[in-house]
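If you want the building blocks of each chain, they are given just below.
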Amino acid sequence: MLGKLIKYDFKAMCRYLYPIYIALVVLTLVFSLMVKFNFDEGFLFSIFAFLFIAALNGSIIACVFFTVTRFSRGLLKNEGYLSFALPVSTATHILAKVINAIIWAFVEGLMLCLCLLIMGIVMGSIREVASFFKEVLQAFGMIEKDVLFGVLKVIVIVMLEMIASVCLIYAATAVGHLFGRNQKMIAVAFLIIVCIARSFLMMQIFKMTGHTAFAYLFVDDLILMALPVIFAILYSVLTWFILDRRLNLE
Amino acid sequence: MMETMVCNGLCKYYGSVKALDHVDLHLEEGRIIGLLGPNGSGKTTLIKLASRLLVPTEGEVRICGELPSPVTKAMVSYLPDRNYLPDWMIARELLDMYEDFFTDFDRSRALDMLNALSIDLDMPLKKMSKGTKEKVQLILTMSRHAKLYLLDEPIAGVDPAARDFILRTIISNYDESATVLISTHLIADVESVLDEAIFLKEGKVVLHQNVDELRDSTGKSVDEYFREVFKC
Amino acid sequence: MTWKFTDDIPIYLQIIEMMKMDIVSGKYKSGDKLPAVRDLAMEVGVNPNTVQKAFAELERQGLVQSERTSGRFVSIDEKGIEELRSDISDNYIAEMFANLRKLGMDDQMIRNAVKHWEDKQ
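Here the structure is a predicted model, which is why all the values come from computation and not from measurement.

Calculation rules
Residues numbered from 1 in each chain as written. Chains lettered and ligands numbered in written order. Predicted model: local features only at pLDDT ≥ 70, side-chain atom pairs only at ≥ 80, totals over all residues. Heavy atoms only, no water. pLDDT = per-residue confidence, 0-100. Helix = DSSP H or I, 4+ residues; strand = E, 2+ residues; numbered from the N terminus. Core = buried A, V, L, I, M, F, W, Y, C linked by side-chain atoms within 4.5 Å. Buried < 20%, exposed > 50% of the residue type's maximum accessible area, 1.4 Å probe, protein only. Contact = heavy atoms within 4.5 Å. Axes fitted to C-alpha atoms, helices over the stretch in contact; angles between N-to-C directions. Parallel < 35°, antiparallel > 145°, perpendicular 65-115°, else oblique. Left-handed = near helix turned anticlockwise from the far one by under 90°. Nonpolar A, V, L, I, M, F, W, Y, C, P; charged D, E, K, R; others polar. Pairing = 2+ DSSP bridges.

(A) Here's a closer look at the confidence of the model for chain B. For chain B, the mean per-residue pLDDT works out to 93, and 100% of the residues sit at or above 70. Per-element confidence in chain B is highest for strand 5 (residues 76-79) of chain B, whose mean pLDDT is 97, and lowest for helix 6 (residues 160-173) of chain B, whose mean pLDDT is 87.

Laid out in structure tokens, this is it:
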């Protein structure tokens with residue numbers, strides 16, 4: 001059932017995002033071609049440069065926005081009548097939405113990489129791009145194991161932090177659902193309060209362990225890596241409690 | 001006789017408002033039962049509790065002996081009182097989705113009914129008229145071989161021809177081991193298809209009786225008797 | 001939904017009356033197969049259980065017979081149908097007399113009125 005839920009979420013997200021991604025790729029191509037053929041001055045170029053930057057940022061914003069609305073629309077608006085009539089547990093619903101967010105974060109990342117690749121290929125040459133990647137790989141090969149491990153850890157922590165943020169936004173949406181009016185305002189207020197409370201808590205932890213905030217990412221302390229996981233679970237338990245026990249669809 | 005749905009002291013309060021107040025009900029299989037009451041009498045609340053869109057404040061509701069859960073949801077076919085389907089999907093995708101999620105969904109039955117109404121399978125739901133949309137929802141709901149059908153106001157705001165279609169669809173699709181619970185405030189329209197009537201007044205069951213017995217004992221139609229009980 | 005039901009009588013009784021009319025009028029002849037419960041329920045827009053109840057009552061009264069596999073048949077003979085017809089017509093006449101009496105007519109006046117009406121036709 002989890003797989004099916006993810007499938008339908010993916011379909012629903014595709015509907016909104018594929019035009020944006022097509023536009024992004026097209027604009028990347030146009031922009032790169034303009035640069036390549038020295039068409040890089042004047043009004044027309046400024047417009048395309050602006051559109052390109054807008055598409056780049058817009059795709060990120062749209063990805064986050066539609067991930068969040070997929071949660072609220074799919075579970076807490078009219079479609080919730082269908083979702084909660086399916087023979088699926090509330091926990092499975094929440095898990096499907098978290099996985100949906102992870103999938104689209106990957107898709108967004110891939111799209112941005114694709115844009116870079118297009119720019120590289122168009123502006124330079126395939127050979128240059130290939131040698132660039134070769135160099136990068138070689139560079140990775142030369143890096144010492146410890147540093148590589150550190151980089152990997154950074155990536156993992158960023159991913160975990162991202163998942164925790166998604167879980168927090170879902171929880172905030174669920175908290176908003178408890179209130180008849182001003183749902184959005186309450187959700188945002190909840191989000192801000194939790195963020196403040198969390199950074200305060202982190203500061204206390206840094207103080208206790210004697211690290212500076214900047215060192216956070218490089219501390220090879222597994223407890224710090226586990227923190228986003230713990231937060232994600234806490235937020236999700238709150239989400240689960242509200243959706244399972246306090247659901248009240250309009 | 002198997003009991004499809006049982007309520008024991010079922011209560012749902014919203015703050016100080018008692019939407020349902022100690023409801024006891026036993027619904028047997030093979031019956032079409034009218035859940036009748038004016039707006040705000042608790043009909044939708046009862047149906048939502050049975051489909052676990054709400055959790056009771058007190059008491060319990062059981063479906064085929066089980067508390068509401070994914071297991072009971074697999075046996076309950078629920079038609080909400082609003083457009084609940086993703087409206088960008090075409091009819092064919094909706095069939096796929098129902099088939100995916102409900103093992104008791106009978107695709108050929110749904111197709112027969114959609115074809116009989118010559119509904120275009122490739123038309124997105126949002127391009128359909130309000131009446132067609134409601135028919136598609138009902139067809140999907142009644143194409144499941146469920147144990148319990150919960151139909152919330154299926155005939156509110158439809159024209160007489162659509163009403164006939166809806167009632168006929170209900171009669172022809174439920175089988176003898178299933179129970180159909182139809183909530184409505186339009187009693188005259190559903191009266192002829194009912195086995196039993198439940199009157200709900202301010203969250204309380206004031207009557208639950210076989211319709212023929214009710215007509216026999218009161219000499220009135222259910223509709224007339226309803227008007228008497230709920231006189232303002 | 002071709003049949004209209006009145007409000008104050010249980011629907012199964014009304015279905016019984018309608019089936020009797022159909023038999024007397026020759027829509028269903030002796031030995032004819034009756035429609036299946038669900039089909040008739042669909043046709044007239046009532047609950048299948050109600051039709052079932054009406055058929056059971058018709059069986060009890062000996063008008064129809066059910067055979068396990070092949071359905072229900074009209075089982076009364078010509079004589080039975082004749083009796084049924086006179087039963088129903090008696091009811092109509094009784095109803096007519098009752099109504100006309102309410103208008104203050106006595107039985108002789110009613111008989112005269114019937115004759116007068118017939119002549120006019």
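(B) Just the nonpolar core, in detail. Membership of the largest hydrophobic core comes to 144 residues, with the highest contact counts inside it found for Met5(B), Leu85(B), Leu150(B), Ile170(B) and Leu181(B). In terms of residue count, the dominant contributor to this core is helix 6 (residues 145-177) of chain A (10 residues). Filtering out sequence-adjacent residues up to four positions away, Leu150(B) remains in contact with Met5(B), Ile47(B), Ala50(B), Ser51(B), Val76(B), Ser77(B), Tyr78(B), Leu79(B) and Leu181(B). Tyr21(A), Trp104(A), Met111(A) and Cys115(A) belong to the second-largest nonpolar core, a separate cluster that totals 12 residues.

(C) Up close: the packing of helix 4 (residues 78-102) of chain C against helix 5 (residues 107-120) of chain C. Residue and element names in this part refer to chain C. Between helix 4 and helix 5, whose axes approach to 10 Å, the crossing angle comes to 110°. Our classification of the angle between helix 4 and helix 5 gives roughly perpendicular. Helix 5 is crossed by helix 4, and the crossing has right-handed handedness. Across from Met 96, Phe 97, Leu 100 and Arg 101 in helix 4, the residues of helix 5 making contact are Asp 107, Ile 110 and Val 114. Per-class residue counts for the contact of helix 4 with helix 5 are 5 nonpolar, no polar and 2 charged.

(D) Main features of the sheet that holds strand 1 (residues 3-14) of chain B. Residues and elements named next belong to chain B. Strand order in the open sheet formed by 3 strands is 2-1-4, and the pairing between neighbours is antiparallel. A single partner strand is all that each edge strand has here, and the edge strands are strand 2 (17-28) and strand 4 (58-63). Averaged over all neighbouring strand pairs, the angle between strand axes comes to 15°, with direction disregarded. Pairing of strand 1 with strand 4 involves 5 bridges; the strand directions are antiparallel. Within the sheet, the bridge partner assigned to Val 6 lies in strand 4 and is Arg 62. Its contacts with the sheet put helix 1 (residues 43-50) on strand 1, strand 2 and strand 4, and the angle it makes with strand 1 is roughly 120°.

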